[in-house]
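# Structural overview
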Amino acid sequence: MTAEKAKLFENITMNGRMCYIFMCIERYLLSLYPDRDWTPAAKRMWDWSAVCWSCDDELDRYIQLIPECILEFNTYEAANAEWYGKLPRKDYDELVALYKGITTGAHDDEINRVFLIPNELWKNCDGSYYDIETGRVSTLRYIDKIEEILISHDILLPDITLLSAYTIDPADPDVKRFGYYDVNRTDHYEWGFGKSGAPLSLII
């Protein structure tokens, strides 16, 4: 992470930075696997962007998207049991078919590492109880990770000016909207939770 990168993103909310990562993931998928319909993946990413990252339903749906998580199980029944009976059969079949011929779900497969980046970012921030300083540093570190993968494939990075609607505004948030921890954590205005990144999508 460079000072130049920090300057570039300094006025972007943490959620806006996650949206940038999702934009990178979409470009990765469309560039390397253009023959697949990535709508199910895009919907899971952008639905997650519209809530606090620790909201159970959207978080679970994103984790199901990670190849090593969904392909760990040989049967739908086993996968559904892991997700407490909340994984529709249609979703399971859709995700398994999406990865067929691309990955077996091995941890080191590149597409798995790509989808792990947002999950690792969430874990880092959740593990620090949404300390905003941790968020500032972690988001930039994981942006570096996804950009390195795109650059290795000569994939053009997203235009950061597209994030103009996701700038930090101290007057913006309803501090009672998210009560996951306390007003100084998930409700800190720099997180920017509650603003969906779906308008940024190239897929949906």
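Residues numbered from 1 in each chain as written. Predicted model: local features only at pLDDT ≥ 70, side-chain atom pairs only at ≥ 80, totals over all residues. Heavy atoms only, no water.

What the chain contains, in helices and strands, is nine helices and zero strands. Along the chain, from the amino end to the carboxyl end, the secondary structure elements read α-α-α-α-α-α-α-α-α. Against the compact-globule benchmark of 17 Å for 204 residues, the chain has a radius of gyration of 17 Å, which places it among compact chains. Projecting the C-alpha coordinates of the chain onto the three principal axes gives extents of approximately 50 × 40 × 25 Å. Sorting the 204 residues of the chain into buried and exposed places 49% on the buried side. Across the chain, contacts joining residues at least 24 apart in sequence account for 73% of those joining residues at least 6 apart. In the form shown here, the chain has an accessible surface area of approximately 9900 Å², with 50% of it arising from carbon and sulfur atoms. Taking the 21 positively charged and 35 negatively charged side chains of the chain as two groups, their mean positions are separated by 2 Å. (Helix = DSSP H or I, 4+ residues; strand = E, 2+ residues; numbered from the N terminus. Rg over C-alpha atoms; globule rule 2.2 N^0.38 Å. Buried < 20%, exposed > 50% of the residue type's maximum accessible area, 1.4 Å probe, protein only. Contact = heavy atoms within 4.5 Å. Areas by Shrake-Rupley, 256 points an atom, 1.4 Å probe, with all protein chains shown as cover. Lys, Arg positive; Asp, Glu negative; His and termini not counted. Charge placed at Lys NZ, Arg CZ, Asp CG, Glu CD.)

Between helix α8 (residues 110-127) and helix α9 (residues 132-152), the shortest axis-to-axis distance is 9 Å and the interhelical angle comes to 175°. Put simply, α8 runs roughly antiparallel to α9. Note on element contacts: α9 touches α8 through Thr-134, Gly-135, Ser-138, Thr-139, Arg-141, Tyr-142, Lys-145, Ile-146, Ile-149 and Ser-152, opposite Glu-110, Arg-113, Val-114, Ile-117, Glu-120, Leu-121, Asn-124 and Cys-125. Here the contact of α8 with α9 is built from residues that sort into seven nonpolar, six polar and five charged. (Axes fitted to C-alpha atoms, helices over the stretch in contact; angles between N-to-C directions. Parallel < 35°, antiparallel > 145°, perpendicular 65-115°, else oblique. Nonpolar A, V, L, I, M, F, W, Y, C, P; charged D, E, K, R; others polar.)

On to the confidence of the model for the chain, then. In this model, the chain carries a mean pLDDT of 91, and residues with pLDDT of at least 70 account for 91%. Low pLDDT (under 50) marks residues 179-184, which in the prediction has 12 contacts with non-local residues, meaning those over four places away or in another chain. (pLDDT = per-residue confidence, 0-100.)

In the contact formed by helix α2 (residues 14-32) and α8, the axes pass within 10 Å of each other and the chain directions differ by 170°. Relative to α8, the element α2 lies roughly antiparallel. Contacts from Met-18, Ile-21, Phe-22, Ile-25, Tyr-28, Leu-29 and Leu-32 in α2 reach Glu-110, Ile-111, Val-114, Phe-115, Ile-117, Pro-118 and Leu-121 in α8. A breakdown of the residues in the contact of α2 with α8 according to their chemical character gives 13 nonpolar, no polar and one charged.

So, about unusual backbone geometry. Most peptide bonds take the trans configuration, and most residues that are not glycine carry a negative phi. One non-glycine residue, Tyr-84, lies in positive phi territory at about 55°. With respect to the element layout, Tyr-84 can be found in the loop between α6 (76-82) and α7 (89-99). Non-glycine residue Asp-154 carries a positive phi angle of around 60°. The exposure class assigned to Asp-154 is exposed, which follows from its relative accessible area of 74%.

Turning our eyes to something else, we now look at the nonpolar core. Core analysis: the largest hydrophobic core is formed by 64 residues, its most contacted members being Ile-25, Trp-38, Trp-48, Trp-53, Tyr-62, Phe-115 and Leu-163. Of all the secondary structure elements, the ones that give two or more residues to this core are α2, α3 (39-49), α4 (56-65), α5 (67-70), α6, α7, α8 and α9. For this core, the element with the most residues is α2, which contributes 11 residues. Those residues within four positions of Phe-115 in sequence are excluded, and the remaining contacts are Ile-25, Leu-29, Ala-41, Tyr-62, Leu-65, Ile-66, Pro-67 and Tyr-99. (Core = buried A, V, L, I, M, F, W, Y, C linked by side-chain atoms within 4.5 Å.)

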